[in-house]
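A look at the structure
One letter stands for each residue in the lines below.
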Amino acid sequence: MRRVAIVVLALLCVTDGVQFGQLCSGNARNRRRTSDSWGAGHFGAPRVTRTHRGLDIVCADGATVYAPFDVTINRKVIVYIDPTKAAINNGLKLTGGGLCFKLFYIQPDKTSGTVKKGNRLGTMLPMQQVYPGITSHVHVQMCDNSDPTPYF
Ligand code: ZN
């Protein structure tokens, strides 16, 4: 019994400490979008008709997006219905690090299979074309819509 308890405790500790690795080239520490003319990048930030359900990590248009864990790619994600935002309407749903999450605004290299931590997932899409002057960023959203901030 004691051995089981120790194993369970060890697993809990691993899950508690899980942290995203570098997501974007040029942003080694996963610096977050703060505030710009389009809004703020933190979880729960106000939007016109809702609140922001993710955390925005700074990423220049055209930069390389990396796998933050050893990940499995579940599928491609459609971000918008609005056709005026087609230039950035792409992303991925992933599992890795014991987490399920989505990354928005990236052109994926592939939409299935696995990618090792630190290897390419794709390329940051041209966000300035859709939101001129915004701090271009990858949007990180947990599959259960919980706050991703503790993992950064
Ligand atoms: Zn966002």
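In this report, we go over the structure that sits alongside the text. Numbering of residues starts from 1 in each chain and follows the order in which that chain's sequence is written. Where local features are concerned, this predicted model is filtered to residues with pLDDT of at least 70; where side-chain atom pairs are given and counted, the filter is 80 or more; whole-chain, interface and lining totals use all residues. The basis for every side-chain value is the complete set of non-hydrogen atoms in the structure, without hydrogens or water.

1. Let's talk about the state of the cysteines
Filter applied, for reference: Cysteine sulfur atoms that pair up within 2.5 Å are treated as a disulfide. Numbering of helices and strands runs from the N terminus, with a helix taken as a DSSP run of H or I at least four residues long and a strand as a DSSP run of E at least two residues long. Throughout this description, buried means an accessible area under 20% of the type-specific maximum (1.4 Å probe, protein chains only), exposed means over 50%, and partly exposed covers the range between.
Taken as a whole and assessed by the stated rule, the structure comprises two disulfides. Sulfur-sulfur distance for the disulfide between Cys24 and Cys59 comes to 2.0 Å. Classification of the bridge connecting Cys24 and Cys59 rests on its S-S torsion, roughly 80°, and on that basis the disulfide is right-handed. Note that Cys24 is positioned in the loop between helix 1 (2–16) and strand 1 (35–36) and Cys59 in the loop between strand 3 (55–58) and strand 4 (64–66), a separation of 35 residues in sequence. As far as the burial class goes, Cys24 and Cys59 line up, both buried. The disulfide that involves Cys100 links it to Cys143, with 2.0 Å between the sulfurs.

2. Thoughts on the coordination of the zinc ion
Basically, it comes down to this: The donor definition counts N, O and S atoms within 2.8 Å of each metal and applies 3.2 Å to Na, K and Ca; water is not among these atoms, so some sites may look incomplete.
Protein-derived coordination of the zinc ion comes from His52 (NE2), Asp56 (OD) and His139 (ND1), at a distance range of 2.0 to 2.1 Å. For the zinc ion, all donor residues lie on one chain, and their spacing in sequence is H-x3-D-x82-H. A relative accessible area of 0% places Asp56 in the buried class.

3. So, the pairing of strand 6 (residues 91–96)
Rules: In this description, strands pair whenever DSSP reports at least two bridges between them.
Bridge count between strand 5 (residues 71–77) and strand 6: five bridges; the pairing is antiparallel. By the bridge assignment, Val77 is partnered in strand 6 with Gly91. In this sheet, strand 7 (residues 99–104) lies alongside strand 6 in antiparallel orientation, the contact comprising six bridges. Pairing of Leu92 across the sheet is with Leu103, part of strand 7. Between strand 6 and strand 7, which pair antiparallel in sequence order, lie two residues; one of them, Gly97, sits at a positive phi of approximately 65°.

4. Details of the nonpolar core
For clarity, the cut-off: Among buried residues, those of type Ala, Val, Leu, Ile, Met, Phe, Trp, Tyr and Cys that are joined through side-chain atoms within 4.5 Å constitute a nonpolar core.
Counting 37 residues, the largest nonpolar core has Phe101, Leu103 and Leu121 as its most contacted members. Residue assignment for this core shows that the elements contributing at least two residues are strand 3, strand 5, strand 6, strand 7, strand 10 (120–124), helix 2 (127–130) and strand 11 (137–142). If one sorts the elements of this core by residue count, strand 7 sits on top with four residues.

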